[in-house]
Each structure stands twice: as structure tokens, then as C-alpha cells.
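# Structural overview for review
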Amino acid sequence: MNSMFYKVSELLEFFKKIPMARKLEKLESQLFQAQAERDLVKLSKAYYNIGITYMKNGDYDRAMVYLSRSDTIFSSDDNVYEAVGENIIEDCSERIRKLENSPILTNQIIEYIDNLAENLNDEQIRLWGLMTMARLVKVFDRLSVLPG
């Protein structure tokens, strides 16, 4: 009987996800349209709406990705910032703050690295710093060719 109940509960979970999948499909088409039009306001709002949908459905890792993308876009240009609107900006920032304190994978990785770093000796700390700087050289090379 328990195995039957388990299978029914899986089926119920599946059917609960159908409305979310349909909503995400619609939001994804809006995202693709905004990308094709190169409309940063629509793109930021699309990322925001996708992030909210994931957050409401308990997928906090994906919610963080999409809300962070929205935040990056509307924060990059004053005109986009104003067009997106204060309500979305404040809500997006508040949601990101909540997610930064939740047990999502990115937070767990940072915590894990911090714990490992506490056990490094002086030689390992210097080596870690050199390796970090070496990785950043590629980033700085890319940034150096950007206008502005």
C-alpha cells in the first residue's frame, strides 16, 4: 500500500508542476523576444518574472540566477533602471537578500571554501593568492577591450 501511495504522490507532484511549466514556457518566449529585440527593459523584467516563478515553486538556486541577471541588467544603465520601475527594483533586491541567506548551492560552496581556507598554512595561502591572480589575468584581458 505504501508503494502505491508513493507513486500516487509522485503523480500528484507531476501535475502540480504542469502550470509552472506552462508559465515558464510563456515567460521564456517573452525572454527570447526581448533578446531578439535587444530591449534591456523587457529583458530585465523577463528575468525578474522567471526568478519569481522559480522562487514561488521552491527552486531557490534558479531563482537566484534569474533575479541576479535582472539586477545586473537594470543596474547597468540609468535609463533601464528608471524604466524598470522602483517596485520591481526594490522587490528584486529584497528577494536576492533573502536568497543570500538561504541554503542554496552558491552559498553552500562559499561556506565550504571559507571553511577550507581557515585550515590553510602560510605557504598554501600564498599559492592560493597566486592562482587567483593568474585566473584573474584572463578576466582583466577581456575587460581591457571593453569600451568605457
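For the structure itself, look to the data block above.
Residues numbered from 1 in each chain as written. Predicted model: local features only at pLDDT ≥ 70, side-chain atom pairs only at ≥ 80, totals over all residues. Heavy atoms only, no water.

Let us look at the packing of aromatic side chains. How two aromatic rings sit relative to each other is given by the distance of their centres and the angle of their planes. The final tally for this structure, using the stated rule, is three aromatic pairs. Here the aromatic rings of Y47 and Y66 are separated by 5.9 Å at their centres, their planes lie at 40 degrees, and the arrangement is tilted. Of this pair, Y47 sits in helix α2 (residues 40-56) while Y66 is found in helix α3 (residues 60-75), placing the two residues 19 residues apart along the sequence. We classify Y66 as buried; its relative accessible area is 18%. Relative to Y81, the ring of F74 lies with its centre 6.1 Å away and its plane at 65 degrees, an arrangement referred to as edge-to-face. In this structure Y81 comes out as partly exposed when scored by relative accessible area, which is 33%. Grouped by ring-pair contacts, the aromatic residues Y47, Y54 and Y66 constitute a single cluster. Sitting over the ring of Y66, R69 keeps its end group 5.2 Å from the ring centre. (Phe/Tyr/Trp six-rings, centres within 6.5 Å; stacked < 30°, edge-to-face > 60°. Helix = DSSP H or I, 4+ residues; strand = E, 2+ residues; numbered from the N terminus. Buried < 20%, exposed > 50% of the residue type's maximum accessible area, 1.4 Å probe, protein only. Lys NZ or Arg CZ within 6 Å of the ring centre and 35° of its normal.)

Because the α-helix completes a turn every 3.6 residues, residues three or four places apart line up on one side. Taking 1.5 Å of rise per residue, 23 residues should cover 33 Å, and helix α7 (residues 122-144) covers 32 Å from first to last C-alpha, within 8% of that figure. When the local axis directions of α7 are compared, the greatest deviation, roughly 25 degrees, occurs at V137. The N-capping residue of α7, defined by a side-chain oxygen 3.1 Å from the backbone nitrogen of E123, is N121. (Expected span 1.5 Å × (residues − 1). Bend = angle between axes of the 7 residues up to and from the residue. Polar contact = N/O pair within 3.5 Å; in protein donor to acceptor, adjacent residues only side chain to side chain.)

Where α3 meets helix α5 (residues 86-100), the closest approach of the two axes is 10 Å, and the angle between their N-to-C directions is 140 degrees. As judged from the angle between their axes, α3 and α5 are oblique. The two elements α3 and α5 cross, and the hand of that crossing is left-handed. Note on element contacts: α5 touches α3 through I89, C92, S93, R95, I96, L99 and E100, opposite Y60, A63, M64, L67, S68, S70, D71 and F74. Of the residues assigned to the contact of α3 with α5, the class counts are nine nonpolar, three polar and three charged. (Axes fitted to C-alpha atoms, helices over the stretch in contact; angles between N-to-C directions. Parallel < 35°, antiparallel > 145°, perpendicular 65-115°, else oblique. Left-handed = near helix turned anticlockwise from the far one by under 90°. Contact = heavy atoms within 4.5 Å. Nonpolar A, V, L, I, M, F, W, Y, C, P; charged D, E, K, R; others polar.)

This paragraph deals with the pattern of salt bridges. Enumeration over the complete set of coordinates arrives at four salt bridges. The partner of K42 in a salt bridge is E37, with the nearest N and O atoms 3.1 Å apart. K42 gets classed as partly exposed once you look at its relative accessible area, which sits at 41%. Here E37 falls in the partly exposed class, since its relative accessible area comes to 41%. Residues D91 and R95 are paired through a salt bridge, measuring 2.7 Å at the closest nitrogen-oxygen approach. (Salt bridge = Lys/Arg side-chain N within 4 Å of Asp/Glu carboxyl O.)

To continue, consider the packing of α2 against α5. Following both chains from N to C, one finds α2 and α5 inclined at 45 degrees, their axes separated by 11 Å at the closest point. As summarised for this structure, α2 and α5 are arranged oblique, according to the angle between their axes. Like other packed secondary-structure pairs, α2 and α5 cross with a definite hand, here left-handed. Contacts between α2 and α5 pair K45, Y48, I52 and M55 from the former with I88, D91, C92, R95 and L99 from the latter. Among the residues forming the contact of α2 with α5, the class breakdown is six nonpolar, no polar and three charged.

This is a description of form; function is not addressed.
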